[in-house]
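As a plain string of letters, each chain reads:
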Amino acid sequence: MQSHYRVVVIGGGIVGTSVLYHLARRGWADIALIERAELTAGSTWHAAAGFHALNDDPNIAALQAYTIRLYQEIEAESGQNVGMHMPGGYSLATSPARWEWLKSEFAVYQTLGIEARLATPDEIVADCPIVDPAGLLGGLFDPHEGAVDPHGTTHAFAIAARRRGAEVILRNRVVALAQLPGGGWRITTEHGTTTAEHVVNAGGLWARRVGRMAGVDLPLTPMQHHYLITADLPELVARADQMPCVTDLEGFTYLQQERKGVILGVYERNPRHWHTEGADWDYGMELIPEDIDRIAPELAIGFARFPSLQDAGIRKWVNGAFTFTPDGNPLVGPVPGLRNFWAACGCMSGFSQGGAIGLVLANWIVDGDPGGDVFGMDVARYGAFASNDRYLRDTTAQFYARRFVIAYPNEELPAGRPLKTTPSYDAQQAAGARFGVVWGMETPQYYAPGEPGFVETPSLRRSNAQRLIAAEVAATRHAAGLLDTGVYGRYEVSGPGAEDWLERLLANRLPPLGRLRLAPMLSPAGRLMGDLTVTRLAPERFWLVGSYYLQEWHLRWFRDHLPPVGVQIENLSESWLGFSLSGPRSREILAALTREDVSNAALPFLACRRMAVALSDAVVARLSLTGELGYEISVPAAQQRALWGALTDAGSAFGLKPIGMRAQDSLRLEKGYGVWSLEFTASTTPAMCGLDRYIAFDKGDFIGRAAALRERETGPAQRLVLLAIEATDADVTGYEPVWSAGRRVGYVTSGAYGHHLGLSLALAYLDRPLAERGANQPAPLAVHVVGEQRPARILPEAPYDPRGERLRG
Ligand SMILES: Cc1cc2nc3c(=O)[nH]c(=O)nc-3n(C[C@H](O)[C@H](O)[C@H](O)COP(=O)(O)OP(=O)(O)OC[C@H]3O[C@@H](n4cnc5c(N)ncnc54)[C@H](O)[C@@H]3O)c2cc1C
């Protein structure tokens, strides 16, 4: 072991070795991996090591495709056999709902360019004769499904990394970590001490313990997982080629050929955690005793779907543990609040994702940029709340038990709730609110006033809640709607250096006193890092408003760019709350609660003022996301309940209705407004989505200016357009392909039914030449809606109030 390294990776599983390899491939020298025991000594050695390209998060699906492509490359480079076989795999549909869901997923995979095809029951049985076709409606075939040898693959990464100069240190546990004043780390091991500029936590089953050495509690926990290996099956002995893998989604089991028998793995509905704090340090390469009674209900379904297993001997039971996070995706990237401490853990699909995690993390360490939108696996997508033991147990158990269960876009799941509520929660509940959850915060989705027994049916189509959402839209368009803004993140930036710093951080010019502006925030590569609203409350005091769930992500970016002195940042996201009041009668409602002049002359569009509203000293900003005259009213959190009371009391005479996020979506789409994570992401550029009109190119330098200027010259490859779709009883939800003359020319980012206009609407990225032709297309456009192609047309301007007269009036 050297006395100093540029990077030390802790953990020699599939993930740690991939990180080491990718750093070496980027040409970094003086890098080492330190492993407690032998390579693969955590979850990795007992994995079934199956892989697949399909994933519900399109960005992660793309990275999985990379992982799979890498296997042959790494085998060639290392000379180590990785034991790869890729016969493809079927996901089975045995219910009409599942078949519909698979067809709509298939459309999404077309958007992503992931090769897949729908298959009939006959095709499936011809390919996989051990499948009983009872109730089988069809399946989705993923040609990139298969398995590798976990031992060979991990060693291949390690060998290739070593050949490129990296060091692999075995049988030496890291026992302590201490941050050094310069930002590096002192690493104490069983056999000595070293220092490193960067430390990567790839500790797998021990990653929570490794995190705690550095002072962070990461939201991941090990859970048990079973599979069994059968003796030879006659159907497989008889064939020369390998049978494709099969996942029986309704049956909670997956199956892959293992020699002439099969592996049958189970995602049971009654899962068990294992050492939630992380494995014991002396945990060896041993199995957990199997718990067959607990998984018996799912095994019974599996044995019915694959009847030949009933007579086959069981060669081996495997019950091992691997780590889960609340949403099942890994934790990757710079850990917020620490310098040069990186996460590469919480990975439950090491053989689908390990290669990609290595690539992303190496890019991030070397370039300071992961290379695209990886928020779905970013460690900063969680806050401290997610590491609470009960929260973690409840959410990970929910994820595990629902691993193969259909996730409907209108479904709200119960685990870990309610955790955070705004003070008006009880009052909103009494008013009939049905809540969703954003970063632990209960958020009204819609209201069912006077209908305590109303339950929304989970569906891919328009649900029975549509009439309630329509009523909220109508109230907002004709009178006023009141939306809880607990889903906003708010930051106060102040100090003598605040103005200069924000001018560099944000791409728009800062507003004058008492005004606000939309300000894109860019990475040096010119991609979006935020779509913030910036308000100047005092000469040296600003508010930035963004999305509530991006707090850790934004604060990490702010802190990374903060000068040593002169600028203070305070996170107000939970100490200031409020409401968005919008609609033609919103001014009258506000006027009833304040003695201030709120006329258009005194408080015009994009003005902001402190004023007394009912009992509170509020910050009132004149803007809305509904396209109507509107005000965002913020007050100290403890006063938010009083504000709710005042607004709803005063509003009742004017037809005010509380509204939820679903109505907001319908309203914003009628105006063609994009939002973060759908239209605006860390993969999009301002020119793609139209936010370039908020860039002040002439204001001097700011982060991302050079890249944005280059893009202004060349133009983006795709542009955002608003589509009206001839849909019948369903709307798009996101990532559905857009077609022109049989060619895929774009994809949907979000959609909703525009209740006021009676239009099914979608925002979509379209190849620029077509996007720029607007309504004048060379061939009719079509969009997949729940797996079915429907005609669509580009709306050249927002179909509701295109000139923004209502917003400004
Ligand atoms: C029964 C079972 C079946 C599975 N099937 C599949 C499958 O089919 N497909 C799939 O993709 N995944 C599967 N998995 C999951 C897969 O095994 C994991 O996703 C993957 O192995 C995680 O790799 P890792 O490198 O993150 O962690 P680990 O393999 O746990 O590696 C972590 C390493 O860090 C070392 N370490 C920890 N702390 C320290 C320290 N302080 N100092 C030095 N070293 C340290 C450990 O010794 C260990 O070697 C399965 C897992 C199990 C248990």
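Reading guide: rules and limits
- Residues numbered from 1 in each chain as written.
- Predicted model: local features only at pLDDT ≥ 70, side-chain atom pairs only at ≥ 80, totals over all residues.
- Heavy atoms only, no water.
- Pairing = 2+ DSSP bridges.
- Helix = DSSP H or I, 4+ residues; strand = E, 2+ residues; numbered from the N terminus.
- Axes fitted to C-alpha atoms, helices over the stretch in contact; angles between N-to-C directions.
- Contact = heavy atoms within 4.5 Å.
- Core = buried A, V, L, I, M, F, W, Y, C linked by side-chain atoms within 4.5 Å.
- Buried < 20%, exposed > 50% of the residue type's maximum accessible area, 1.4 Å probe, protein only.
- 1 Å grid on protein atoms, 1.4 Å probe; cavity = no way out; pocket = protein on both sides within 12 Å on 5 of 7 lines; lining within 4 Å.
- Points joined across faces, edges and corners; volume = space filled by probe spheres on them.
- Nonpolar A, V, L, I, M, F, W, Y, C, P; charged D, E, K, R; others polar.
- Parallel < 35°, antiparallel > 145°, perpendicular 65-115°, else oblique.
- Left-handed = near helix turned anticlockwise from the far one by under 90°.
- Phe/Tyr/Trp six-rings, centres within 6.5 Å; stacked < 30°, edge-to-face > 60°.
- Lys NZ or Arg CZ within 6 Å of the ring centre and 35° of its normal.

Novice: How would you sum up the sheet that holds strand 5 (residues 117-119)? Please name residues and give values.
Specialist: A sheet is described by the order of its strands in space; here 8 strands give the open sequence 5-6-4-13-14-15-12-16, paired in mixed fashion. Strands with a single pairing partner mark the edges of an open sheet, and in this sheet they are strand 5 and strand 16 (314-324). Going across the sheet, the axis of each strand differs from the next one's by a mean of 25 degrees, ignoring polarity. Against the sheet, helix 10 (residues 389-401) engages strand 12 (221-230), strand 15 (261-266) and strand 16, with an angle of about 25 degrees to strand 12.

Novice: Please give an account of the nonpolar core that cites residues and values.
Specialist: If you look at the biggest cluster of nonpolar residues, it comprises 96 residues, and the most contacted ones within it are Val-9, Leu-23, Val-200, Leu-723, Val-738 and Leu-766. Those residues in contact with Val-9, other than ones at most four positions away along the chain, are Gly-16, Val-19, Leu-20, Leu-23, Ala-32, Leu-33, Ile-34, Val-200 and Ala-202. One finds Ile-187, Leu-220, Ala-386 and Ala-724 within the second-largest nonpolar core, a separate group that totals 79 residues.

Novice: Give a detailed account of empty space enclosed by the protein, specifying residues and quantitative values.
Specialist: Enumeration over the complete set of coordinates arrives at 1 cavity of 30 Å³ or more. Its volume calculated, the largest cavity comes out at about 140 Å³. Secondary structure elements with two or more residues in the lining of the largest cavity: strand 22 (488-494), strand 24 (528-538), strand 25 (541-547), strand 29 (616-621) and strand 30 (630-636). Its residues assigned to classes, the lining of the largest cavity shows 11 nonpolar, 4 polar and 2 charged.

Novice: Account for the sheet that holds strand 24, with residues named and values stated.
Specialist: Across the sheet, 5 strands lie side by side as 23-24-25-22-26; this open sheet has antiparallel pairing. The open sheet has two edge strands with one neighbour each: strand 23 (516-522) and strand 26 (568-571). Going across the sheet, the axis of each strand differs from the next one's by a mean of 30 degrees, ignoring polarity. With 7 bridges joining them, strand 22 and strand 25 adopt antiparallel strand pairing. Bridging across to strand 25, Glu-492 finds its partner in Trp-543.

Novice: Help me get a handle on the packing of helix 1 (residues 14-25) against helix 5 (residues 150-163), residues and values and all.
Specialist: The angle between the axes and the distance between the axes are what describe a pair of packed helices. At a minimum axis distance of 8 Å, the contact between helix 1 and helix 5 shows a crossing angle of 25 degrees. The angle between the axes of helix 1 and helix 5 places the two elements in the roughly parallel class. Note on packing geometry: the crossing formed by helix 1 with helix 5 is left-handed. In contact with Ile-14, Thr-17, Ser-18, Leu-20, Tyr-21, His-22 and Ala-24 of helix 1, helix 5 contributes Thr-153, Thr-154, Phe-157, Ala-158, Ala-160 and Ala-161.

Novice: An account of the packing of aromatic side chains is requested, with residue identities and associated values reported.
Specialist: On inspection of all chains with the given rule, the structure shows 27 aromatic pairs. Consider the rings of Phe-375 and Trp-553, whose centres lie 5.9 Å apart with planes at 90 degrees: the pair is edge-to-face. Placement of Phe-375 in the loop between helix 9 (350-367) and helix 10 and of Trp-553 in helix 14 (residues 551-560) is noted, with a sequence separation of 178 residues between them. Each member of the pair, Phe-375 as well as Trp-553, carries the same accessibility label: buried. Ring centres of Phe-385 and Tyr-391 lie 5.5 Å apart, and the angle between their planes is 80 degrees; on these two criteria the pair is classed as edge-to-face. Assigned by exposure class, Phe-385 and Tyr-391 land together as buried. Members of the aromatic cluster, connected to one another through ring pairs, are Tyr-254, Tyr-267, Phe-322, Phe-324, Phe-399, Tyr-400 and Phe-404. Positioned above the aromatic ring of Trp-101, the side-chain terminus of Arg-98 is 5.0 Å from the ring centre.

So, to be careful, I would describe these as geometric facts and stop short of saying anything about function.
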